[in-house]
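Below are the chains, spelled out letter by letter.
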Amino acid sequence: MPQNPTPAPTPAGKRRHATPSRIERVGRQAIPKPRVIFAVLLLVGLVSVLLLDGYLRSEVGGDQRIRSDASNSEVPDSVVDGGPILSFAGGRARTQSVADKTIVLTFDDGPDPEYTEKVLKILNDQDVPGTFFLIGSMVSRYPGVVKDMVDQGNEVGIHTFTHVDLSYQSASRVKREIAQTQLALAGAAGITTTLFRAPYSSKNDAIDNESWPIYQRLGAMGYTSVFIDTDSEDWQEPGVDKIIKWATPKDGDGAAVLFHDAGGDRTETLKALPRYIKKMKAKGYTFTTVSGAQQADRAADQSAGGPAGPPGAGNANGDTSANGAGDTNSGVNIAQMAHRKATGTTLWEGKALIAAVAVAEWSVPGLATGLAVVGVAVMARFGLMLLLARRHHRQRNRRRFTWGPPVYEPVSVIVPAYNEKECIANTLHSLAASSHPIEIVVVDDGSTDGTAEIAESLGLPNVRVIRQENAGKSAALNNGVRQAGHDIVVMMDGDTVFEPDTVRELVQPFGDERVGAVAGNAKVGNRDTVIGAWQHIEYVMGFNLDRRMYDVLGCMPTIPGAIGAFRRRAVLEVGGMSEDTLAEDTDITIALHRAGWRVVYAEHARAWTEAPASVGQLWRQRYRWSYGTMQALWKHRGSVLDKGPSGRFGRVGMPLVVLFQIVTPVFAPLIDVFTVYAMIFVDFQASLLAWLAVLLVQLLCAAYAFRLDKEKYRYLLMMPLQQIAYRQLMYLVLIHSSVTALTGGRLRWQKLKRTGEVGAPRPGSGAA
């Protein structure tokens, strides 16, 4: 059991144990808040990156609805029958047409890192401009393409952020779609725009009663909505000749022509575009942008003596509204009159968006790769455990199996105890019933609750009580080893009880002179609560199945503190129980491996321990275990380069422990986070089936582990809930420990509260 470190000297007559207020402070220190917050922030960051990436790909917040066959009775005839450029100067709807023998090339759904760049090259080679209506999510993912586009002299407009039919969206969603695209443009090219084209729009006569109010609101905000005169319908991939034919206006009319530079295979578009441009030039057509067409229309009105009409592009800025807030278009050529230079918060928010998206674009594929690696590692571990556990069970349970000569000689059982008044009587009574001859050495580590007095008052034979100043568990065990009267010592916790045959089963492997230590089979005694049942599953599957595997591989990493046996000379040879780490059991086990001793697992040597009964106590225990394990691994890192037995553990055992007990569990939350994300935003049924398939594999492994340990299967009914709740807690504990290790934090021993409810078991109660 964990022991408190040596306290500072106290005045005579005063008690050394903590006052209630100090106990509360120790409890609060058990989970250092900054590190917990940091661990939670890592998880929140992961979720945020996933949500951002999903939003960019329309997995989060996506809406595939497209309205059709709606009435346009409320749309003015002048708009339905007007030109493709719609603005609302002075609050009145006004349309403008493209001048005769003029083409406005417009491209939707970009940018695309492959096709858009090729379209830009074609336009540059042909010396014609284009107007690109961009999807904000694509802009944020490929900002370099947009910057090249603007620098080349092309014009850009908004095509919403996620390509949704705005007629189905709320006013706030419409505003957000526009604002986010403006920010993306600001971050990518340092500009905003007043041009807008709605997804799934086409000619003016497609404006209906549902979409008309949206155009009115956007017009009031200073946006110019752009429709088309002719549609190449290249998205249908009808063939190059048809694309050219359908994009050609009739009888020398001017036209806003629609192509696509993204959203699918645009190979035909790339072939048709240069041919189309050459054809139209041969017919005497010129090419301009939407702003260029507006300027030409206004000039024509002025020369005819009519009203000047609306300005070419209003005053766009990055805050959704396009009604000037200080940005100007001075110095911008006529073909880009819709552009406004982004400044101030708009510019920096845009850059922050681009940076965040870059992180998501880099992180998610990396996380997906990590997920694949973790998934393979987890499945490989399950397969390896099942294979080697079966081999271990068959080997050790053969009728003729023997370790060597039977071990009959007496052994010393060392019981370190600090404030164990609730448990010590049960512990000693269970030892007194041992079928193997033993001496019991109780080392009282400065208890203040009368533990030593209780042990002495029981009057049990062969029990010695040794008192020492509070110095910690390692010191208590070392004292017990020095005081032990026999060559084999059994170490246990002060809250643990043994079955009558436990010691006999535990020491039989010492019939093999190569064996220096033996790990016993620790069982959860208080398993009738939810948290106790979860730990019971973990002990049987995660600990004991693991120990079978490590035993076969010859690299057992830990002799459990609750039940372990050692050759006394082996312990002394490696310097005893070290105080360098919080996991003295792992530390001594690795040290024995490095010294050339064999460490094995005795599955029939059962000990019943009282597991933590609350989340807080469980956190403190597992935090200490995982942090102590990291300390021990770091302490013995040199074994990786050693030769002989030390090198074997360093190159076999060490990587397995790091992979299965640290790396895989740390990254295992990826599986759960990705699964939840996929269930909510991608495909609920497929994701649920995948999760259930993994759960089934784990259930099969757990069932096999329960079969080997002769445990009742009813506890496995708790396993689905364990996967959802308990496993997440263990993830956070391990992440917390990793953060502590990386930041150089230190952790003190934490004394867990005990109830003494685990009494001496009946013989053969292993399946209870």
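Quantities reported herein were computed from a predicted structural model and do not represent experimental measurements.

Quick look at the overall build of the chain
Point 1. Within the chain one finds 24 helices and 20 strands.
Point 2. Buried positions account for 55% of the 768 residues belonging to the chain.
Point 3. When contacts within the chain are restricted to residue pairs at least 6 apart in sequence, long-range pairs at least 24 apart make up 81% of them.
Point 4. Carbon and sulfur atoms form 56% of the exposed surface of the chain, whose accessible area is close to 32,300 Å².

With respect to the pattern of salt bridges
Point 1. A full pass over the atoms with the stated rule returns 31 salt bridges.
Point 2. As a salt-bridge pair, K473 and D493 come within 2.8 Å of each other at their nearest N and O atoms. With K473 in helix α15 (residues 473-483) and D493 in the loop between β16 (488-492) and β17 (497-498), the pair connects residues that are 20 residues apart, well separated along the chain.
Point 3. K473 sits in the buried class, given a relative accessible area of 6%.
Point 4. Of the charged contacts in the structure, one is a salt bridge between K523 and E711, with a shortest N-O distance of 2.6 Å. Note that K523 is positioned in strand β18 (residues 515-524) and E711 in the loop between α23 (684-708) and α24 (719-743), a separation of 188 residues in sequence.
Point 5. For K523, a relative accessible area of 1% corresponds to the buried category.

Looking at helix α7 (residues 171-189)
Point 1. Given a rise of 1.5 Å per residue, 19 residues ought to cover 27 Å, and the 27 Å separating the end C-alpha atoms of α7 matches this to within 8%.
Point 2. Taken across its 19 residues, α7 has 14 buried, putting it largely inside the fold.
Point 3. One or two residues past the end of α7 sits G190, with phi positive at roughly 75°.

Brief notes about the packing of aromatic side chains
Point 1. What the rule picks out here adds up to ten aromatic pairs.
Point 2. Between F401 and W403, the ring centres sit 5.2 Å apart and the planes meet at 80°, which makes this aromatic pair edge-to-face.
Point 3. Each member of the aromatic cluster is reached from another via a ring pair, and the members are F107, F132, F259 and Y276.
Point 4. The lysine or arginine in question, R527, covers the ring of Y715, its NZ or CZ lying 5.6 Å from the ring centre.
Point 5. R637 extends its terminal NZ or CZ atom over the ring of W634, reaching a point 4.0 Å from the ring centre.

Remarks on the nonpolar core
Point 1. If you look at the biggest cluster of nonpolar residues, it comprises 61 residues, and the most contacted ones within it are I103, L105, L123, F259, L273 and Y276.
Point 2. When sequence neighbours within four positions are dropped, the list of residues in contact with L273 reads L105, F107, V119, I122, L123 and F259.
Point 3. A476, A533, M541 and C701 belong to the second largest nonpolar core, which has 57 residues in total.

A few points about helix α6 (residues 143-151)
Point 1. Among the residues of α6, those classed as buried are V145, V146, M149 and V150. Down the axis of α6, the smallest arc covering the buried residues is 130°, so these residues share one side.
Point 2. Buried positions along α6 lie against α4 (115-126), β4 (131-134), α5 (136-141), β5 (155-158), α7 and β12 (339-341).
Point 3. Of the residues one or two after α6, G153 is the one with positive phi, at around 100°.

Comments concerning the environment of L134
Point 1. When you line up the elements, L134 lands in strand β4.
Point 2. Considered as a pair, L134 and D112 are 22 residues apart in the sequence and their alpha carbons are 9.7 Å apart.
Point 3. Leave out the neighbours within four places in its chain, and L134 touches G110, P111, V139, V146, M149, V156, G157, I158, H159, T160, T181 and L185.

Description of the side chain of Q96
Point 1. Checked against the element boundaries, Q96 lands in strand β2 (residues 94-96).
Point 2. Polar contacts involving the side chain of Q96 include one to the side chain of Q294, which spans 3.3 Å.
Point 3. Side chain to side chain, Q96 and D297 meet in a polar contact 3.1 Å long.

With respect to the pairing of β18
Each regular strand displays side chains that alternate between the two surfaces of the sheet.
Point 1. With respect to burial, β18 is a largely interior element, ten of its ten residues being buried.
Point 2. Two strands pair when backbone bridges link them, and β18 and strand β20 (residues 598-609) are joined in this way by eight bridges, in the parallel orientation. Bridging across to β20, V524 finds its partner in T609.
Point 3. Looking at chain direction, β18 and strand β19 (residues 563-567) are connected through three bridges and run antiparallel. Across the sheet, the residue bridging to A517 is F566, located in β19.

Here we look at the pairing of strand β14 (residues 438-445)
Point 1. Of all eight residues in β14, eight are buried, a share of seventy percent or more.
Point 2. Bridge count between strand β13 (residues 411-417) and β14: seven bridges; the pairing is parallel. Bridge pairing in β14 places I414 opposite V441.
Point 3. Taken together, β13, helix α13 (residues 424-432) and β14 form a β-α-β motif whose crossover is right-handed.
Point 4. Across six bridges, the pairing between β14 and strand β15 (residues 463-468) is parallel. Its bridge partner lying in β15, D444 is registered against R467.
Point 5. The parallel pair β14 and β15, bridged by helix α14 (residues 451-457), forms a crossover whose chirality is right-handed.

Here we look at the sheet that holds β19
Point 1. In spatial order, the strands read β15-β14-β13-β16-β19-β18-β20-β17; together these eight strands make up an open sheet with mixed pairing. One side of each edge strand has no neighbouring strand; the edge strands of this open sheet are β15 and β17.
Point 2. Alignment of β17 against β20, held across two bridges, turns out to be antiparallel. By the bridge assignment for β20, F498 is matched with A607.

With respect to the environment of P84
Point 1. As for its placement among the helices and strands, P84 is situated in the loop between α3 (77-80) and β1 (85-87).
Point 2. Among the residues examined, P84 registers a relative accessible area of 1% and is labelled buried.
Point 3. For P84, the contacting residues outside a window of four places in its chain are Q96, S97, V98, N204, S225, V226, F227, I228, D229 and A256.

Regarding unusual backbone geometry
Point 1. Omega for the peptide link from G110 to P111 comes to 0°, which places this bond in the cis form.
Point 2. Tracing the sequence through the fold places P111 in the loop between β3 (102-110) and α4.
Point 3. Its identity as a non-glycine residue notwithstanding, D109 has a phi of 80°, on the positive side.
Point 4. By secondary structure assignment, the location of D109 is in strand β3.
Point 5. Backbone geometry places D127, a non-glycine residue, at a positive phi of 60°.

A word on the packing of helix α19 (residues 584-594) against helix α21 (residues 644-667)
Point 1. In contact at an axis separation of 7 Å, α19 and α21 are set at 130° when each is read in the N-to-C sense. Classified by the interaxial angle, the pair formed by α19 and α21 is oblique. Contacts from I590, H593 and R594 of α19 reach α21 at P645, S646 and F649.
Point 2. Of the residues assigned to the contact of α19 with α21, the class counts are three nonpolar, two polar and one charged.

Procedures and definitions
- Here the residue numbering is sequential within each chain, running from 1 through the sequence in written order.
- Where totals are concerned, whole chains, interfaces and linings use all residues; where local detail is concerned, this predicted model gives features only for residues with pLDDT of at least 70, and gives and counts side-chain atom pairs only at 80 or more.
- In computing side-chain properties, one takes all heavy atoms of the structure into account and sets aside hydrogens as well as water.
- Each helix is a run of DSSP H or I of at least 4 residues and each strand a run of E of at least 2, with the numbering of both proceeding from the N terminus.
- The cut-offs for exposure are 20% and 50% of the maximum accessible area for each residue type, with area from a 1.4 Å probe on protein chains only; residues under the lower value are buried, those over the upper are exposed, and the others partly exposed.
- Only heavy atoms enter the contact rule, under which two residues are in contact if any of them lie within 4.5 Å.
- Note on areas: Shrake-Rupley with a 1.4 Å probe; residue coverage comes only from the protein chains shown.
- When a carboxyl oxygen of Asp or Glu lies within 4 Å of a side-chain nitrogen of Lys or Arg, that pair is called a salt bridge.
- In this analysis, the expected span of each helix is defined as 1.5 Å times one less than the number of residues it contains.
- Working definition: a ring pair exists when centres of Phe, Tyr or Trp rings (six-membered ring for Trp) sit within 6.5 Å. Plane angles under 30 degrees give stacked, over 60 give edge-to-face, the rest tilted.
- Charge-over-ring placement is defined geometrically: NZ (Lys) or CZ (Arg) within 6 Å of the ring centre, and within 35 degrees of the ring normal.
- Only buried residues count toward a nonpolar core, which is a set of Ala, Val, Leu, Ile, Met, Phe, Trp, Tyr and Cys residues joined through side-chain atoms within 4.5 Å.
- The directions from the helix axis to the C-beta atoms form the arc being described.
- Under this definition, polar contacts are N or O atom pairs within 3.5 Å; protein pairs additionally need one hydrogen-donor-capable and one acceptor-capable atom, and for neighbouring residues in sequence, both atoms have to be side-chain atoms.
- Any two strands with at least two DSSP bridges between them are considered paired.
- Whether a crossover is right-handed depends on one test, that the path from the first strand over the helix to the second runs clockwise when the strands point away from the viewer.
- Every axis corresponds to a line fitted to the C-alpha atoms, with the helix fit spanning only the stretch in contact, and the corresponding angles, defined between N-to-C directions, vary from 0 to 180 degrees.
- Orientation categories follow fixed angle ranges, with anything under 35 degrees roughly parallel, anything over 145 roughly antiparallel, 65 to 115 roughly perpendicular, and all other angles oblique.
- Polarity classes work like this: nonpolar for Ala, Val, Leu, Ile, Met, Phe, Trp, Tyr, Cys and Pro, charged for Asp, Glu, Lys and Arg, and polar for all others, with Gly in that last group.

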